[in-house]
Every structure is written in structure tokens, then in C-alpha cells.
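Each chain, written out:
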Amino acid sequence: MRDLNGFKETRLRILTLRPNSKVHWLSYALSVHVNGDPDAAVGILDSYFGTLEEGCVEFEKNFESSELALYKNQLLSETKGEDEDGLGGVRKALEHLDEIEKVIVDQTGWLKAKLSYQLQLGNFEDAKDTAMNLFERGLTEEHRVHGAYMCALLKCDRDTCLEVEKMKGTGTLATLRPFSEEERSILLDAYGSKDGLSKLYPRSNGIKRIYITILPTNSDEFKSAIDKYCQKQITKGVPSLGADLSSLYLMEDSRSNGSRLMLATDPLDVKVHPVHALLVDLIEAYITSLSSNNSFPSGDRESPPSALLWAWYLRSILHEQVAEYAQGITLINKCIEHTPTAVDFYELKARLLEAGGDIQQAAD
């Protein structure tokens, strides 16, 4: 939509003609909101609520009233308020959450909003409790919640908290900036101690994966943890393991004077990265051991036949990451010969052929 002012004027005219329709009130509030005036949008919603009678369905607990209440709460958080620090709107939004709790159906969304406001206002102890409530509701695999939990543990500033909140995928505070020894110790204790998250939620893959990210990459504990993680994922036959592990190729961002981390994506940077070198050594050892003993190194039980297959697949991906396309194609051909029905193998081979310059064969 390009003509936002025209959108607002049109919705106002329609509302004037049909003031009894809820959808026109909400559409006008939305048009004012997208024009950058959340204060006025809040006023419009308040005017709409003022037209309703007591006992109306809008004041009962249902999906529509729940989403409308949360939308008004979002608008309040975007207002500046009258406080000198500019956080008056956030404070109002946090207070408003308590007022609307009785009509909220989406308790997870309510808790996420509460967590965000608590972090922005520096209420770190309350934020930790809210994050734990979210984990108890089953959000142990959601990295944004983990990022917020880390911010609460380390008492980060508001800008950092907002930056973490906007991160996508597996991004957390651990992938945003380097940690001091003290900060790393706090996080390792929160995730790995006997009272930590890994003990509270032993079946959570997300917590295991985040714990690996926090560990210093030059430590024996990191090598042991990544070894155990890879063996489990290869045994299960997880095709996305290569992409998952590539998020560990973190390096300091030279543009930020070392205050931020970035992901190494250039093949030359990946090839010299210590995590990639460690993975290559581990997977090569897996392939050798699985080929001869049908078990992982130092393993005390036999592995399934598919373990060797997925070890080849992962090694081929590691070749792809450093632009060793010929070696990668050789390994993926072995995978296809072993299991010609697996779509993932053909997809990887096509990527390798395309990157190597053979577009026609990749298309075939």
C-alpha cells in the first residue's frame, strides 16, 4: 500500500457512514496506526469500547476480544508517554497487560509481550521468571525466548534486548556478541548446572544446541559436546545437521570493532574456522570407524547401517561449505548409490553441480 494518507481518509469516511460496524472502527484505527500515530489509534479503540454496553461479548474471554486487547497493548507500547526516558508507553503497556489478562486466550503471546516490556524497563528478575513460565509452557525450542532469557541473566541494556528480540532462526545473544569470561560462566551455569535448563528439560534439543553455542570453541568440553550432538543427529538421520552446525562458524565483525559477531560464509573464512576444522576431523573419524567397525569411535554398541550414509552426506556438505565441489560430488554419489530414493541427496548434488559451474547437469 502506497497511499497511506488516502487509506486513512477513506476509512474515516466509511466509519462516518457506518459507525455501528466494528470492522470500520478497527480499520480506521489500523489506518491511523500505519500512518505513524499510535496515540491516536489508541484513542480510536477507546472510543469504540465506549460505544459498547456492559456485558458485551467484547469484554468476555474469546479469541476476537483477546486479539483486540493485545493489539491495543501493542499500540500502547509504541506510544512515547510523558516520562523523560521515553518509556512511558512501555510502562503503560505492562500495566495494561494485567488489566486485560482475564480476557486473553493467547497466554503465550501475553507472556512474550510481558517479557519484552520487563526487559526494556530493566526488570530483569521478573523477566527471568516470565521466561521460565514460557519454558514451562513448552517453548524450550524457541530461540527468541532463550535470547530474552540470556538478556535477563546478563542484565543487558535496552538496545541489545530489542536487537535480540528481532533476531530470526537460531539467533540468540550468544550469536550476537562475544561474552566475557564472567558472562559466559553465568550462562553456562544457567544452562548446564545441576539446576540448569538442561537438567530441567533433558529432552530439549534447543537447549542442548544453545549450550554448545555458549561453550568456548577451543575447550575440550566443546569438542565433547559437539561430538555427542553430531553422533546423535547422524544416527537419527537429520538432513539439516549441516546447516545447523554452520551457524557455529562465528567470527568477530570487523565493522563493529569486535563488539558484534558475524557468521562466516565465505569459503576461505569457513575453511580456516576452528569449528569447521574440528567437524572435518570428527566426521572423517566417524566415516573410518563406521566403515570398518559399524560403530562410532569409542562407541560400545553397533550403529544402524544408515549412520555411515548420513556421515557421508554431512561430509559432503562440509566440502560444499569450503567450495570443494568435486570431493563433495564424489561423496554424494556414494550416498545416491546406497539409497537412490532419498530426495535430499539429489538436492545436494544439484547444488554442488550448480556451484561447480555445470548448470545443465544440475537441472537434469
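Remarks on the overall build of the protein chain
Part 1 of the argument: Check the secondary structure of the protein chain and you find 20 helices and two strands.
Part 2 of the argument: Rg of the C-alpha trace for the protein chain: 26 Å, well past the compact-globule value of 21 Å for 364 residues, more than 25% over.
Part 3 of the argument: In terms of its C-alpha atoms, the protein chain occupies a principal-axis envelope of roughly 80 × 50 × 40 Å.
Part 4 of the argument: Each of the 364 residues in the protein chain was classed as buried or not, and the buried ones make up 48%.
Part 5 of the argument: Taking all contacts inside the protein chain whose residues are at least 6 apart in sequence as the whole, residues at least 24 apart take part in 53%.

Comments concerning the layout of surface pockets
Part 1 of the argument: The computed volume of the largest pocket comes to approximately 730 Å³.
Part 2 of the argument: What lines the largest pocket is a set of 27 residues, and nearest its centre among them are Lys 208, Ala 225, Lys 228, Tyr 229 and Lys 232.
Part 3 of the argument: Counting residues per element, the ones that place at least two in the lining of the largest pocket are helix 11 (197-200), helix 12 (205-214) and helix 13 (220-236).
Part 4 of the argument: A total of eight residues in the lining of the largest pocket trace back to one element, the largest contributor, which is helix 13.
Part 5 of the argument: Among the residues making up the lining of the largest pocket, the classes are represented as 10 nonpolar, nine polar and eight charged.

Section: the pattern of salt bridges
Part 1 of the argument: On inspection of all chains with the given rule, the structure shows 12 salt bridges.
Part 2 of the argument: Arg 260 is the partner of Glu 163 in a salt bridge, and the nearest nitrogen-oxygen pair spans 3.0 Å. Note that Glu 163 is positioned in helix 9 (residues 158-165) and Arg 260 in the loop between strand 1 (250-252) and strand 2 (261-263), a separation of 97 residues in sequence.
Part 3 of the argument: Between Arg 315 and Glu 284 there is a salt bridge, with its nearest N and O atoms 2.9 Å apart. You can see Arg 315 sitting in helix 17 (residues 306-321) and its partner Glu 284 sitting in helix 16 (residues 274-293), a full 31 residues away along the chain.
Part 4 of the argument: The exposure class of Arg 315 is buried, given its relative accessible area of 7%.
Part 5 of the argument: Shared partners join several salt bridges into a network, and the residues in it are Glu 320, Glu 347 and Arg 351.

Side note on a negative patch on the surface
Part 1 of the argument: Negative charge collects at one region of the surface, where Glu 95, Asp 98, Glu 99 and Glu 101 lie side by side.
Part 2 of the argument: Tracing the backbone shows Glu 99 in helix 5 (residues 88-100).
Part 3 of the argument: Note on Glu 99: relative accessible area 55%, which makes it exposed.

Some words on the packing of helix 1 (residues 4-17) against helix 2 (residues 22-34)
Part 1 of the argument: Axis separation between helix 1 and helix 2 bottoms out at 9 Å; the angle between their running directions is 155°. With respect to helix 2, the element helix 1 is oriented roughly antiparallel. In this structure, the crossing between helix 1 and helix 2 has a hand that is left-handed. In this structure, helix 1 contributes Leu 4, Phe 7, Lys 8, Arg 11, Leu 12, Ile 14 and Leu 15 to the contact, and helix 2 contributes His 24, Trp 25, Ser 27, Tyr 28, Ser 31, Val 32 and Val 34.

A closer look at the packing of aromatic side chains
Part 1 of the argument: One pass over the structure, following the stated rule, counts nine aromatic pairs.
Part 2 of the argument: Ring geometry for Phe 49 against Phe 59: centres 6.3 Å apart, planes inclined by 40°, an arrangement best described as tilted. Of this pair, Phe 49 sits in helix 3 (residues 38-50) while Phe 59 sits in the loop between helix 3 and helix 4 (63-78), and the two are 10 residues apart along the sequence.
Part 3 of the argument: Under the relative-accessibility criterion, Phe 49 is labelled buried at 19%.
Part 4 of the argument: For the pair Tyr 149 and Tyr 191, a centre-to-centre distance of 6.1 Å together with 70° between the ring planes defines the contact as edge-to-face. With Tyr 149 in helix 8 (residues 143-154) and Tyr 191 in helix 10 (residues 181-192), the pair connects residues that are 42 residues apart, well separated along the chain. For the pair Tyr 149 and Tyr 191, a shared accessibility class is recorded, and that class is buried.
Part 5 of the argument: An aromatic cluster of at least three residues, connected via ring pairs, comprises Trp 25, Tyr 48, Phe 49 and Phe 59.

Quick look at the environment of Thr 235
Part 1 of the argument: Relative to the helices and strands, Thr 235 resides in helix 13.
Part 2 of the argument: Placed 76 residues apart in sequence, Thr 235 and Ala 311 show a C-alpha to C-alpha distance of 8.9 Å.
Part 3 of the argument: A distance of 2.7 Å separates a polar side-chain atom of Thr 235 from the backbone oxygen of Gln 231.

Focus: the side chain of His 33
Part 1 of the argument: Relative to the helices and strands, His 33 is located in helix 2.
Part 2 of the argument: Contact partners of His 33, with chain neighbours within four places excluded, come to Ala 41, Tyr 71, Gln 74, Leu 75 and Glu 78.

Rules used in this analysis
Residues numbered from 1 in each chain as written. Predicted model: local features only at pLDDT ≥ 70, side-chain atom pairs only at ≥ 80, totals over all residues. Heavy atoms only, no water. Helix = DSSP H or I, 4+ residues; strand = E, 2+ residues; numbered from the N terminus. Rg over C-alpha atoms; globule rule 2.2 N^0.38 Å. Buried < 20%, exposed > 50% of the residue type's maximum accessible area, 1.4 Å probe, protein only. Contact = heavy atoms within 4.5 Å. 1 Å grid on protein atoms, 1.4 Å probe; cavity = no way out; pocket = protein on both sides within 12 Å on 5 of 7 lines; lining within 4 Å. Points joined across faces, edges and corners; volume = space filled by probe spheres on them. Nonpolar A, V, L, I, M, F, W, Y, C, P; charged D, E, K, R; others polar. Salt bridge = Lys/Arg side-chain N within 4 Å of Asp/Glu carboxyl O. Patch = residues over 30% accessible without salt bridge, like charges linked within 9 Å, V, L, I, M, F, W, Y side chains within 5 Å. Areas by Shrake-Rupley, 256 points an atom, 1.4 Å probe, with all protein chains shown as cover. Lys, Arg positive; Asp, Glu negative; His and termini not counted. Charge placed at Lys NZ, Arg CZ, Asp CG, Glu CD. Axes fitted to C-alpha atoms, helices over the stretch in contact; angles between N-to-C directions. Parallel < 35°, antiparallel > 145°, perpendicular 65-115°, else oblique. Left-handed = near helix turned anticlockwise from the far one by under 90°. Phe/Tyr/Trp six-rings, centres within 6.5 Å; stacked < 30°, edge-to-face > 60°. Polar contact = N/O pair within 3.5 Å; in protein donor to acceptor, adjacent residues only side chain to side chain.

Function cannot be inferred from these measures alone, as they are strictly geometric.
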